[in-house]
Amino acid sequence: MTSSTLSKIRVILSILVLILFVSVFVDFRHLIPDKYINAITFIQFVPSGFKLFYIGIIAAAGFIVVLLLTLITGRTYCSFLCPLGILQDVFSRTGGRIKKRFRRFGFKKPHTVLRYGLLAITLIVTLIWGIYFLTLLEPYSIFGRFMTYFLKPVVLILNNFLSGLLGKFDIYTLVNTPVTNFPLLIYAIPSAFLILVVIMSFSRGRLYCNTICPVGTFLGLISKISIFRIKFDEVKCTRCGRCSLACKSSCIDFLNHDVDISRCVDCFNCLKSCPDKALSYGLVTIRKKEIEIDNERRKLIAGSVLLFLGLSNSSSGQNTVVPKPTKASTVRENRKYPVCPPGSTGLANFTKKCIACSLCISVCPNNVLIPSLKEYGISGIMQPRLDYHKSFCTYECIRCLDVCPTGAIMPLALEAKKLTQLGKAVFIKDNCIVNTEKTACGACSESCPTKAVHMVPFEGKLVIPETKDEICIGCGHCEFACPTTPYKAIFVDGNPEHKAAKKPENVQSDKKKPVEFPF
Amino acid sequence: MLSVLIIIYDIKHLTNCEYTTYILHRIIKKKRIFRNLKKGKAIKMKRRDFFKKSIGAGLAAGAAISLGGYDKLWHTTSLPTGFDMVAIMGGKPDSMFDLGIQELGGIGTFVRKGQKVLVKPNIGWDRTPENAANTNPLLVKRIVEHCLRAGASEVYVFDHTCDNWVNCYKNSGIEKYAKDAGAKIVPANSESYYQEVSITGGKILKNAKVHQIVLEADVFINVPVLKDHSSTRMTCCLKNMMGVVWDRGYWHKNNLDQCIADYASYIKKPALNIIDCYNVMTKNGPQGVSKEDIVNMQSMIITTDWVAGDAAAAKMLSLNPSDINYISMAHKMGIGNMNLESLNIKRIKM
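Residues numbered from 1 in each chain as written. Chains lettered and ligands numbered in written order. Predicted model: local features only at pLDDT ≥ 70, side-chain atom pairs only at ≥ 80, totals over all residues.

Let's talk about the overall build of chain A
Reasoning step 1: Scanning chain A from N- to C-terminus turns up 22 helices and ten strands.
Reasoning step 2: Across the 519 residues that make up chain A, the buried fraction comes to 49%.
Reasoning step 3: Put simply, 74% of the contacts in chain A that link residues at least 6 apart link residues at least 24 apart. (Helix = DSSP H or I, 4+ residues; strand = E, 2+ residues; numbered from the N terminus. Buried ≥ 20, exposed ≤ 12 C-beta atoms within 10 Å, placed from the backbone. Contact = placed C-beta atoms within 7 Å.)

Considerations on the overall build of chain B
Reasoning step 1: Counting secondary structure elements, chain B contains 14 helices and twelve strands.
Reasoning step 2: When the 350 residues of chain B are sorted by exposure, 54% land in the buried category.
Reasoning step 3: Counting contacts in chain B only where the partners sit at least 6 residues apart, residues at least 24 apart contribute 75% of the total.

Some points on the interface of chain B and chain A
Reasoning step 1: Opposite the 60 residues of chain B that make contact, chain A presents 51 residues.
Reasoning step 2: Broken down by element, the side of chain B that touches chain A gets its largest block of residues, five residues, from helix H1 (residues 2-13) of chain B.
Reasoning step 3: Broken down by class, the residue content of the side of chain B that touches chain A amounts to 25 nonpolar, 24 polar and eleven charged. (Nonpolar A, V, L, I, M, F, W, Y, C, P; charged D, E, K, R; others polar.)

Observations concerning the pairing of strand S7 (residues 219-223) of chain B
Residue and element names in this part refer to chain B.
Reasoning step 1: Most of S7 sits out of view: five of its five residues are buried.
Reasoning step 2: Taking every second residue as pointing to the same face, both faces of S7 are buried, with Val-219, Ile-221 and Val-223 on one and Phe-220 and Asn-222 on the other.
Reasoning step 3: Taken together, the two bridges between S7 and strand S10 (residues 272-281) define a ladder with parallel strand orientation. Each bridged residue has a counterpart across the sheet, and for Ile-221 the counterpart in S10 is Leu-272. (Pairing = 2+ DSSP bridges.)

Things to note about the nonpolar core
Reasoning step 1: Core analysis: the biggest nonpolar cluster contains 230 residues, and Val-119 and Ile-221 of chain B have the highest contact counts within it.
Reasoning step 2: Residues from two domains meet in this core; each of domain 1 (3-132 + 195-290) and domain 2 (347-500) of chain A gives at least three.
Reasoning step 3: In this view, Val-119 of chain B contacts Val-140, Ile-143, Val-144, Cys-147, Val-155, Val-157, Ala-183, Ile-221 and Val-223 of chain B; residues no more than four positions away in its chain are not counted. (Core = buried A, V, L, I, M, F, W, Y, C linked by C-beta atoms within 7 Å. Domains from an automatic or database assignment.)

A short note on helix H13 (residues 306-316) of chain B
Residues and elements named next belong to chain B.
Reasoning step 1: Summarising burial for H13: ten of the eleven residues are buried, a large majority.
Reasoning step 2: Every buried residue of H13 is listed here: Trp-306, Val-307, Ala-308, Gly-309, Asp-310, Ala-311, Ala-312, Ala-313, Ala-314 and Met-316.
Reasoning step 3: Looking one or two residues beyond H13, the residue adopting positive phi is Ser-318, at roughly 50 degrees.

Some points on the packing of H13 of chain B against helix H14 (residues 325-332) of chain B
Helix packing geometry: the angle between the two helix axes and the distance between the axes.
Residue and element names in this part refer to chain B.
Reasoning step 1: Between H13 and H14, the shortest axis-to-axis distance is 10 Å and the interhelical angle comes to 150 degrees. Here H13 is positioned roughly antiparallel relative to H14, judged by the angle of their axes. Read as a crossing pair, H13 and H14 show a hand that is left-handed. Contact with H13, carried on its side by Val-307, Asp-310, Ala-311 and Ala-314, involves Ile-327, Ala-330 and His-331 of H14 and no other residues of that element.
Reasoning step 2: By residue class, the composition of the contact of H13 with H14 is five nonpolar, one polar and one charged. (Axes fitted to C-alpha atoms, helices over the stretch in contact; angles between N-to-C directions. Parallel < 35°, antiparallel > 145°, perpendicular 65-115°, else oblique. Left-handed = near helix turned anticlockwise from the far one by under 90°.)

Structural notes on the domain arrangement of chain A
Residue and element names in this part refer to chain A.
Reasoning step 1: In terms of domain boundaries, chain A breaks down into domain 1 (3-132 + 195-290) and domain 2 (347-500).
Reasoning step 2: Across the boundary between the two partners, domain 1 contributes 17 residues, which contact 14 residues of domain 2.
Reasoning step 3: Among the elements of the structure, helix H2 (34-41) and helix H3 (45-54) are those that each provide at least two residues to the side of domain 1 that touches domain 2.
Reasoning step 4: With five residues, H3 is the single largest residue contributor to the side of domain 1 that touches domain 2.
Reasoning step 5: Counted by class, the side of domain 1 that touches domain 2 contains ten nonpolar, five polar and two charged residues.

Thoughts on the confidence of the model for chain B
Residue and element names in this part refer to chain B.
Reasoning step 1: On average, residues of chain B score 83 in pLDDT, and 77% of them are at 70 or above.
Reasoning step 2: Here helix H5 (residues 70-73) stands out as the least confident element of chain B, with mean pLDDT 36; S7 is the most confident, with 97.
Reasoning step 3: In this model, residues 1-24 is a region of pLDDT below 50 whose contacts with residues beyond four sequence positions or in other chains number 34 contacts.
Reasoning step 4: Contacts of residues 33-78 to residues separated by more than four positions or lying in other chains number 33 contacts, the stretch itself having pLDDT below 50.
Reasoning step 5: Both scores are available for the predicted complex, with the pTM at 0.82 and the ipTM at 0.83. (pLDDT = per-residue confidence, 0-100.)

A short note on the environment of Gln-298 of chain B
Reasoning step 1: Assignment of secondary structure puts Gln-298 of chain B in strand S11 (residues 294-303).
Reasoning step 2: On the basis of neighbour count, Gln-298 of chain B is assigned to the partly exposed category, with 19 C-beta atoms found within 10 Å.
Reasoning step 3: C-alpha of Gln-298 of chain B to C-alpha of Asn-167 of chain B: the two residues are 131 residues apart in sequence and 26 Å apart in space.
Reasoning step 4: Residues in contact with Gln-298 of chain B, not counting those within four places in the same chain, are Lys-513 of chain A together with Met-89, Gly-90, Gly-91 and Tyr-278 of chain B.

Overview of helix H9 (residues 174-181) of chain B
Residue and element names in this part refer to chain B.
Reasoning step 1: Taken together, the buried positions of H9 are Ile-174, Tyr-177, Ala-178 and Ala-181. Considered in projection along H9, the buried side chains sweep an arc of 95 degrees and stay on one side of the axis.
Reasoning step 2: Residues of H9 that are buried make contact with strand S2 (116-121), helix H7 (137-149), strand S3 (154-157), helix H8 (165-171) and strand S4 (184-185).
Reasoning step 3: Gly-182, located one to two residues past H9, shows a positive phi value of around 110 degrees. (Arc of directions from axis to C-beta.)

Notes on the environment of Cys-240 of chain A
Reasoning step 1: Of note, Cys-240 of chain A is situated in the loop between strand S1 (228-232) and helix H13 (242-246).
Reasoning step 2: Between the C-alpha atoms of Cys-240 of chain A and Asp-276 of chain A, which are 36 residues apart in sequence, the distance is 9.5 Å.

Some words on unusual backbone geometry
Reasoning step 1: Here the bond from Thr-485 of chain A into Pro-486 of chain A is cis, since omega is -10 degrees, no more than 30 degrees from zero.
Reasoning step 2: Cis geometry marks the peptide bond from Gly-285 of chain B to Pro-286 of chain B; its omega dihedral reads 5 degrees.
Reasoning step 3: Relative to the helices and strands, Pro-286 of chain B is located in the loop between S10 and S11.
Reasoning step 4: Of note, the phi angle at Asp-266 of chain A is positive, near 55 degrees, even though the residue is not glycine.

A closer look at the packing of helix H6 (residues 83-98) of chain A against helix H9 (residues 139-168) of chain A
All names here are of chain A.
Reasoning step 1: Close contact between H6 and H9 brings their axes to 7 Å; oriented N to C, the two are set at 60 degrees. Across the interface between the two elements, Pro-83, Leu-84, Gly-85 and Leu-87 from H6 touch Pro-139, Tyr-140, Ile-142 and Phe-143 from H9.
Reasoning step 2: Tallied by class, residues from the contact of H6 with H9 come to seven nonpolar, one polar and no charged.

So this is what it looks like as structure tokens:
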């Protein structure tokens with residue numbers, strides 16, 4: 001295989017992967033079936049790693065595949081499969097196109113302390129305290145958030161503009177889809193990372209992947225023993241330095257004929273750039289590198305200890321996963337716990353496993369899932385919760401359960417989901433229209449899919465809602481439908497641990513088919 | 001960072017592209033007026049056309065209200081065949097409609113060649129047809145077919161659903177059946193499809209945001225399904241109108257019964273109400289819990305007077321029409337007649 005073919009294959013495949021990922025996240029018409037979404041996300045390293053850790057080998061085929069792939073071919077994952085990596089290539093290429101001087105490629109020394117330090121901290125924090133540090137840095141979820149928070153609204157606005165135009169001509173193939181607004185503060189973290197990633201990739205290619213990204217660093221460690229790698233033919237090489245300038249990872253030291261394999265993402269651009277065909281991708285040839293590794297190890301330990309000391313204080317204060325109940329006021333909704341998605345079994349389990357990639361937020365047909373701000377505690381920022389003031393969890397749907405790549409939301413059969421109690425409806429009589437205005441309403445009862453909220457006789461002809469806890473599934477349709485403001489007259493208080501709801505009982509109607517017209 | 005936040009803030013304001021659509025609308029409107037002015041008599045022609053249409057479709061409501069006391073007038077609006085209402089029993093939804101509409105002189109009495117027709121079923125819930133939470137899809141299909149055969153230029157079908165609209169349209173079967181018959185399925189999921197109108201006859205409900213198709217259509221056919229209802233006791237013709245407005249919460253908040261009656265006084269009334277009583281949800285309405293709630297009544301009521309239609313439908317559920325607040329309110333406001341004894345009803349058993 002010639003060198004330029006390899007690089008072409010890389011470009012084509014990675015563009016394909018990027019298109020797939022982008023379409024999964026911005027598919028607001030929900031055209032892509034869940035099983036295809038799973039097929040696309042299963043190979044993502046950290047999500048499938050979580051499945052390995054919490055569920056077992058079978059569910060985590062993707063993780064094993066990536067490990068093996070890295071052992072054999074090096075960090076091909078970063079170039080072919082990581083959506084954030086590919087996105088950075090796009091940025092980097094655009095940067096190069098706009099202005100040549102943006103690009104500052106060429107061999108650079110690795111930021112050894114920083115990258116291994118960050119990896120160590122991520123690992124330690126994740127193993128001991130919780131997932132939040134990984135959530136911040138993990139490339140797949142960063143990419144997911146970029147798509148859900150930034151690209152999807154843009155696509156929706158375009159779509160709404162076009163659908164408005166087409167609507168004037170009586171064409172309704174495009175449907176106006178309102179953009180879901182998240183709390184403004186939520187955008188801060190993805191915005192910061194977007195700026196960071198854009199700046200880093202514009203000028204320095206894969207700098208983010210080789211300094212900050214914990215997955216990149218981890219795979220870099222493994223790729224040090226990979227079988228296939230980029231090699232120099234020292235006889236052919238004229239030391240022109242073109243390869244070094246073409247290298248996005250700044251890892252080719254052409255003067256010493258050395259490629260830093262831990263940073264090389266196998267983009268194959270160097271192969272293409274070499275006029276003398278001195279570079280090739282093939283089976284490893286053993287070289288001695290003993291001393292250098294030793295040095296790196298020393299730096300690694302020192303760095304991680306330093307960074308760890310510096311940052312451990314801030315992370316130890318974030319232990320409270322479940323927020324404490326707030327003080328009750330007579331008509332304010334006294335929500336003790338937020339509501340987390342069905343299939344997540346409970347708050348503790350959910351906040352432990354969710355990396356806030358926001359895929360569920362994107363696929364939710366009802367837009368009830370929104371990133372939390374502080375409902376799960378500060379550490380659970382951006383993890384999705386169900387916001388019943390915005391929407392409700394529709395009865396006949398298990399989409400978020402089907403697509404979750406980490407297993408934070410476990411799949412359930414539709415019938416089982418319909419009997420999972422996420423929370424309980426709580427009725428506040430003092431807020432209710434029927435009580436305060438003495439007029440009929442019943443919006444809550446009308447929307448209840450199980451009739452856990454039913455109407456009982458009140459004053460005169462009026463009927464007033466009453467709740468039946470054991471058949472309530474906490475879908476929040478009642479809360480959503482309740483017309484009172486600012487506080488609802490009925491709201492769902494989350495269950496910290498999801499419970500099983502009873503199946504609503506029903507008896508045959510006593511009315512008979514009329515034989516004669518009753519009028 | 002700041003600029004990004006500002007952009008996001010802007011996006012929040014442009015959510016539905018309301019502004020762009022608004023501007024476009026203004027441009028298109030201006031052009032239209034300009035063109036009409038050039039032609040001179042174009043506007044007059046249109047107005048005459050409108051009156052012809054409205055008389056043809058039995059929509060003399062505006063004039064009637066201005067004369068005062070619609071209660072006395074409504075007798076004169078009976079149909080060419082002399083019937084105010086046709087009730088059919090004992091068949092499938094489509095064959096009952098075929099028979100019933102024939103008694104009223106065919107759909108051509110209401111739909112003229114080249115007219116735009118709105119068929120408004122109840123598609124409120126994400127339930128399958130056998131659960132009868134939505135209008136029977138077979139009936140919707142047959143109505144659309146009749147309209148197109150009568151020469152309708154376009155037949156629109158939509159509902160502002162309570163559940164997720166995509167699932168409602170799909171799982172109710174109505175999307176597929178209506179499309180197969182040649183109707184145009186219109187979304188109603190976003191506020192941008194609605195336009196503010198004033199309801200002059202309303203006591204509480206003075207304004208409402210109404211779906212643009214209601215305003216555009218020449219003929220409006222209401223196709224509710226009869227169901228039990230948790231708070232208003234039953235839902236049928238009048239309550240089906242909650243699916244053409246955007247802000248239902250306002251109705252719930254401000255005397256639901258009165259708002260339902262108020263909206264019925266709005267000028268764009270259905271020319272025909274076709275009540276699906278094939279499978280009737282007799283309890284746990286309007287969504288139903290399981291099939292135990294359903295009674296297979298195999299009936300249908302077709303009428304031009306929707307208050308009378310609701311009164312007859314109430315009797316199908318063995319309720320007294322005067323016990324349903326919004327029916328008596330609408331009767332008192334002169335929207336229709338709930339006294340079934342004074343009506344000329346054709347009853348057919350198949």
